[in-house]
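Residues per chain, in single letters:
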Amino acid sequence: MLYLLFGENSFEAAKKIREIKKTFLKKNPHFLFEEINSDEESALDPEMFFKNQSLFSQKRLLVFKNAVSKIKNPQKFFLTHGNFLKNSKDIFLFWDKSFTEDGIFEILKKISEKTQEIKLEKTAVVQKNSVVFQVVDKIFSSSGTGSLLHLRNAADWGVDSKSIVNVIFWKIKKMQKKDRQAMDIAHKAIIADLNLKMDGKNEQEHLSRFAIGVASKF
């Protein structure tokens, strides 16, 4: 089975992938998962991931990020293997920001079980001179539980929690060199955003835990 995500919003795409993974793991705790980020590869041959499918007794979820452009002759590849990808017991999830080769999107859409566009949300854009940036800067410069004071101030100033998480993720994304600490914060931002959506009644608890984690890393 093949799922297709497309669009520029890396943040929302990462959250969607986590939601899909969580859904399959809920159905089967022994579900096998593998993620292939083609940004880290010079070339990609997805065929290698299902040549030995018969060796696996359990279903697999294989996620390919920005992979289509790295496949040699992608039109030929998906026309050749389209039926297999469509009917396989394994789940193949492709996410690409855009499709540059003519016709490839139509081919993928035709063989996909589900296709979803991940749009950049205009409402998520925050002006750089807004108070949320001041709050985020103070969280980064604070230590541990000191960040909770800045969260209380943010609430008094009417800054919503989603904006704080989005701006922190944006600041990490803009870093030219991302170390392990920065990547850990980006990962925590995705989890925090999911928790805020799924468990709004405990919003302050999720946001506090996230802010303390950010402050403790820098």
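Structure shown above.
Residues numbered from 1 in each chain as written. Predicted model: local features only at pLDDT ≥ 70, side-chain atom pairs only at ≥ 80, totals over all residues. Heavy atoms only, no water.

Engineer: Looking at this structure, how should I read the packing of aromatic side chains?
Structural biologist: The geometry of an aromatic ring pair is captured by two quantities: the separation of the ring centres and the angle between the planes. All chains considered together, the criterion is met by seven aromatic pairs. Seen from their ring centres, Phe 99 and Phe 105 are 5.6 Å apart, and the 45° between their planes marks the pair as tilted. For Phe 105, a relative accessible area of 22% corresponds to the partly exposed category. Among the aromatic residues, ring-to-ring pairing joins Phe 64, Phe 77, Phe 78 and Phe 94 into one connected group. One cation-aromatic arrangement involves Lys 171 over Phe 140; the distance from NZ or CZ to the ring centre is 5.8 Å. (Phe/Tyr/Trp six-rings, centres within 6.5 Å; stacked < 30°, edge-to-face > 60°. Buried < 20%, exposed > 50% of the residue type's maximum accessible area, 1.4 Å probe, protein only. Lys NZ or Arg CZ within 6 Å of the ring centre and 35° of its normal.)

Engineer: I'm lost on unusual backbone geometry in this one. Help?
Structural biologist: Both trends apply: most residues other than glycine have a negative phi, and most peptide bonds are in trans. Despite not being glycine, Asn 66 shows a phi value in the positive range, around 50°. Inspection of the secondary structure assignment puts Asn 66 in the loop between strand S3 (60-65) and helix H2 (74-87). (Helix = DSSP H or I, 4+ residues; strand = E, 2+ residues; numbered from the N terminus.)

Engineer: Mind showing me how you'd approach helix H3 (residues 104-111) here?
Structural biologist: Every α-helical turn comprises 3.6 residues, leaving residues that sit three or four positions apart pointing alike. Three or more residues of H3 are buried, namely Ile 104, Ile 107, Leu 108 and Ile 111. In a view along the axis of H3, the buried residues occupy a sector of 95°, so they form one face of it. Of the exposed residues in H3, the ones pointing more than 90 degrees away from its buried face are Glu 106 and Lys 110. (Arc of directions from axis to C-beta.)

Engineer: What is the right way to read the sheet that holds strand S5 (residues 114-117) from this model?
Structural biologist: Strands pair in a sheet through their backbones, by hydrogen bonds, and they do so in one of two ways: parallel or antiparallel. The parallel open sheet is built from five strands, whose spatial order is S2-S3-S4-S1-S5. For this open sheet the edge positions go to strand S2 (32-37) and S5, each flanked by a neighbour on one side alone. Each neighbouring strand pair of the sheet contributes to a mean axis angle of 15°, computed without reference to strand direction. Both S3 and strand S4 (residues 91-96) contribute to a ladder of five bridges, which runs parallel. Residue pairing for S4: Phe 64 is matched across the bridge by Phe 94. (Pairing = 2+ DSSP bridges. Axes fitted to C-alpha atoms, helices over the stretch in contact; angles between N-to-C directions.)

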